[in-house]
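This is what each chain is made of:
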Amino acid sequence: MSTPSRRTAPPAAPDTVILAAMRSAGETGASGAELAKQLGVSRAAIWARIEELRKLGYDIGASPHHGYVLRACPDALHADDLHARLGGTQVVGREIRVFKETDSTNDLVDKLAHDGVAEGMVVFAESQHQGRGRLGRRWLSPAGKGLWFSVLLRPNLSPMAATQLTVISAVAVSRAIERETGLRPGIKWPNDIMFGTRKCAGILIELSTEIDHIRHAVLGIGVDVNLAAEDFPPELRDLATSLRAEAGREIDRPALAAAMLRELDYVYARLREGDFHQVGDEWMRRCSTLGRRVTLKIGDRTIQGVAEALDDEGALVVRNEHGHVEQILGGDVTMQR
Ligand code: BTN
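These numbers come from a predicted model, not from an experiment. (Residues numbered from 1 in each chain as written. Predicted model: local features only at pLDDT ≥ 70, side-chain atom pairs only at ≥ 80, totals over all residues. Heavy atoms only, no water.)

**Student:** Where do I start with the site of the ligand in this structure?
**Tutor:** Around the ligand sit 20 residues, and of these Ser-104, Gln-128, Arg-132, Arg-134 and Lys-199 come closest. Side-chain polar atom of Ser-104 to an oxygen atom of the ligand: 2.8 Å apart, as the coordinates give it. Arg-134 has a polar backbone atom sitting 2.6 Å from an oxygen atom of the ligand. In isolation the ligand exposes 420 Å². Once the protein is present, 98% of that is buried. Every element with two or more residues in the shell around the ligand is listed here: α5 (105-114), β5 (146-153), β8 (198-209) and β9 (214-224). Each residue belonging to the shell around the ligand can be placed in one class, and the counts come to six nonpolar, ten polar and four charged. (Near = heavy atom within 4 Å. Polar contact = N/O pair within 3.5 Å; in protein donor to acceptor, adjacent residues only side chain to side chain. Areas by Shrake-Rupley, 256 points an atom, 1.4 Å probe, with all protein chains shown as cover. Helix = DSSP H or I, 4+ residues; strand = E, 2+ residues; numbered from the N terminus. Nonpolar A, V, L, I, M, F, W, Y, C, P; charged D, E, K, R; others polar.)

**Student:** Can you help me understand helix α6 (residues 163-181) in this one?
**Tutor:** With 19 residues, α6 should reach 27 Å at 1.5 Å per residue; the first-to-last C-alpha distance of 27 Å fits that figure. Of all 19 residues in α6, 16 are buried; the element is thus mostly enclosed. Gly-182, located one to two residues past α6, shows a positive phi value of around 80°. (Expected span 1.5 Å × (residues − 1). Buried < 20%, exposed > 50% of the residue type's maximum accessible area, 1.4 Å probe, protein only.)

**Student:** Please clarify how unusual backbone geometry should be interpreted in this entry.
**Tutor:** The phi angle of most residues is negative, glycine excepted, and most peptide bonds adopt the trans form. A cis amide bond, omega 0°, links Trp-189 with the succeeding residue Pro-190. Relative to the helices and strands, Pro-190 resides in the loop between β6 (186-188) and β7 (192-195). One non-glycine residue with positive phi stands out, namely Leu-135, at about 55°. Within the element layout of this structure, Leu-135 appears in the loop between β4 (122-128) and β5.

**Student:** Teacher, can you tell me more about the sheet that holds strand β14 (residues 332-335) here?
**Tutor:** Note: strands within a sheet are paired through backbone hydrogen bonds, in either parallel or antiparallel orientation. Strand order in the open sheet made by the five strands is β13-β12-β11-β10-β14, with antiparallel pairing throughout. Two strands in the sheet have a free side with no partner beyond their single neighbour: β13 (325-328) and β14. The mean inter-strand angle of the sheet, taken between neighbouring strand axes irrespective of direction, is 45°. Judged from the four bridges that link them, strand β12 (residues 316-320) and β13 form a sheet pairing that is antiparallel. Within the sheet, the bridge partner assigned to Arg-319 lies in β13 and is Val-325. (Pairing = 2+ DSSP bridges. Axes fitted to C-alpha atoms, helices over the stretch in contact; angles between N-to-C directions.)

**Student:** Looking at this structure, I do not really get the pattern of salt bridges. What am I missing?
**Tutor:** For side chains of opposite charge, pairing can occur when their charged atoms come near one another. By the definition in use, this model includes 28 salt bridges. Put simply, Arg-286 and Glu-282 hold a salt bridge, and the shortest N to O gap is 3.0 Å. Of this pair, Arg-286 and Glu-282 are both found in helix α9 (residues 276-286), four residues apart, which corresponds to roughly one turn of the helix. Owing to a relative accessible area of 9%, Arg-286 belongs among the buried residues under this scheme. The buried category is assigned to Glu-282, whose relative accessible area is 13%. Linking Arg-301 and Glu-326 is a salt bridge whose minimum nitrogen-to-oxygen distance equals 3.0 Å. Note that Arg-301 is positioned in strand β11 (residues 301-310) and Glu-326 in strand β13, a separation of 25 residues in sequence. (Salt bridge = Lys/Arg side-chain N within 4 Å of Asp/Glu carboxyl O.)

**Student:** How do you make sense of the domain arrangement of the protein chain when you look at a structure like this?
**Tutor:** Accessible area lost upon the coming together of the parts serves often as the stated size of an interface. When its domains are assigned, the protein chain resolves into domain 1 (9-72), domain 2 (89-286) and domain 3 (293-335). Taking only C-alpha atoms into account, the centre of domain 1 sits 53 Å from that of domain 3. (Domains from an automatic or database assignment.)

**Student:** Where do I start with the confidence of the model for the protein chain in this structure?
**Tutor:** Should pLDDT be low for a region, the predicted coordinates there are not to be read in detail. When pLDDT is averaged along the protein chain, the result is 93; 97% of the residues meet or exceed 70. Note on residues 1-5: pLDDT is under 50 here. Beyond four places in sequence and across chains, it has ten contacts. (pLDDT = per-residue confidence, 0-100. Contact = heavy atoms within 4.5 Å.)

**Student:** Mind showing me how you'd approach the environment of Arg-94 here?
**Tutor:** Tracing the backbone through its elements, the reader meets Arg-94 in the loop between α4 (79-86) and β3 (96-102). Sequence spacing of Arg-94 and Arg-184 is 90 residues, and the spatial spacing of their C-alpha atoms is 28 Å. Side-chain polar atoms of Arg-94 contact the backbone oxygen of Glu-119, separated by 2.6 Å.

**Student:** For this particular structure, what's the right way to read the packing of aromatic side chains?
**Tutor:** To describe a pair of aromatic rings, one takes the distance between the centres and the angle between the planes. Summed over the entire model, instances satisfying the criterion amount to two aromatic pairs. Ring centres of Phe-124 and Phe-149 lie 4.8 Å apart, and the angle between their planes is 25°; this geometry places the pair in the stacked category. Residue Phe-124 is found in strand β4, and its partner Phe-149 is found in strand β5; the two are separated by 25 residues along the sequence. Looking at Phe-149, the relative accessible area reads 1%, which means it is buried. The ring of Tyr-266 has Arg-270 sitting right over it, with the charged end atom 4.5 Å from the ring centre. (Phe/Tyr/Trp six-rings, centres within 6.5 Å; stacked < 30°, edge-to-face > 60°. Lys NZ or Arg CZ within 6 Å of the ring centre and 35° of its normal.)

**Student:** Could you clarify how one ought to interpret the pairing of β3 in this entry?
**Tutor:** As a general feature of sheets, a regular strand has side chains that alternate between the two faces. In this sheet, β4 lies alongside β3 in parallel orientation, the contact comprising six bridges. In the sheet register, Arg-97 faces β4, and the bridge partner there is Val-123. Chirality of the crossover, the property in question, places the unit of β3, α5 and β4 among those that are right-handed. (Right-handed = clockwise from strand over helix to strand, strands pointing away.)

**Student:** Even after reading the chapter, I still don't get the side chain of Gln-128, so can you show me in this structure?
**Tutor:** When you line up the elements, Gln-128 lands in strand β4. With relative accessibility at 13%, the residue Gln-128 sits in the buried group. A distance of 2.9 Å separates the side chain of Gln-128 from the backbone nitrogen of Thr-105, its partner in a polar contact. Side chain to side chain, Gln-128 and Ser-141 meet in a polar contact 2.9 Å long.

Have a look at this one:
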C-alpha cells in the first residue's frame, strides 16, 4: 500500500510547548527565560500563560531557582496538553479538538471530513448526548468519566478491507489500556474490548465510500474509564465494566487518551506500510473469540460454528455446523460455553 500525501501538522501552541517542557524537566523545573526565548515572547507572557494553565486546574509551582514545576494535572482533556503528551505523531492526533459536550463525536468528525479536513484529526467530547454504538445501539457517555472520541482517517483501502480498520483499532485500544493500567483486556470479535464477559470499550467505524475505495473513515471509540457501578443503568451492570472497576483505582484519563492516540498512530502506520499481518497476528493473540463455538447474528441470519481465524482482509473465519468455512465481515457474536 502506498503512503498517501501528508499535510504537515500546525506549529505547536505555546501551552503545548510549556507543558511539554515542564514534563520533561520534572522536579528540576522549566526555565521561564528559556521558554520565553524558545517561543519568542517575553517572560511576562510565559507567566501569563502559566496563570491561564493554573486556572484550568494545572498545579504549577514557580521558583526563581527551579523555574516552573508541573506538580499535578486536572482530570480534564485539553488539546494542548494532549499534544504535549504525544510529542508528535505521524498522522493520528496531528490536530485535536476537545468539546465539553456534543451529540456524537462521530457526527462531528464526519462533518469535518466532508469539509475536507486532513486525516488524523481527533475530536474528543467530555460528554455525548447521542453517543451511538454498533447496530444502532445507544452508547452511554457521561461527563468526565470516559473517553469518547473519533478519529478521521483516509486510508488507501477498498471498502471490502475496511474490517482491517476494526482490527487495528481494537489492538491499539487494548495496547493503550494495558500500557496505562497494567490490565490485559481481551478482544471479542470484531471489536469489543472485554474483561471476561463484561465490555469496557467499543469501536464504531463509519465509512464514506466509492464503489472501489474508502473516501474517509470515522473511527469512533468509547472507553468506560472511571465509571462506578451505579453510573451504568441496571440493565447494563452485568454486561459492562470500567477500567476503574477492574483496576480498583482511578485511572488517569488524559494519560490514557494520549496512549490511545499514540497506539492508533502506530498501528495505522503498520497498515499504511502494508504490514497488516503484524497487527493481525497481535489481534489473534489478544482475541478471546478464536477457537470458541460461536453464534453469529448477521441481519436475519444466524450462523453457528467455531471461530477459527482472522483472514487477510480482517474477516472472521468460521467453520459452520455443516463443516463449511464462512468469511464473516460484520454482525454480532455470542460465545457459547
Ligand atoms: C460499540 O461497541 O457498539 C461501539 C461504541 C462506540 C462509541 C463511541 S463514543 C465516541 C464515538 N461517538 C459515538 O457516537 N460513538 C463512538
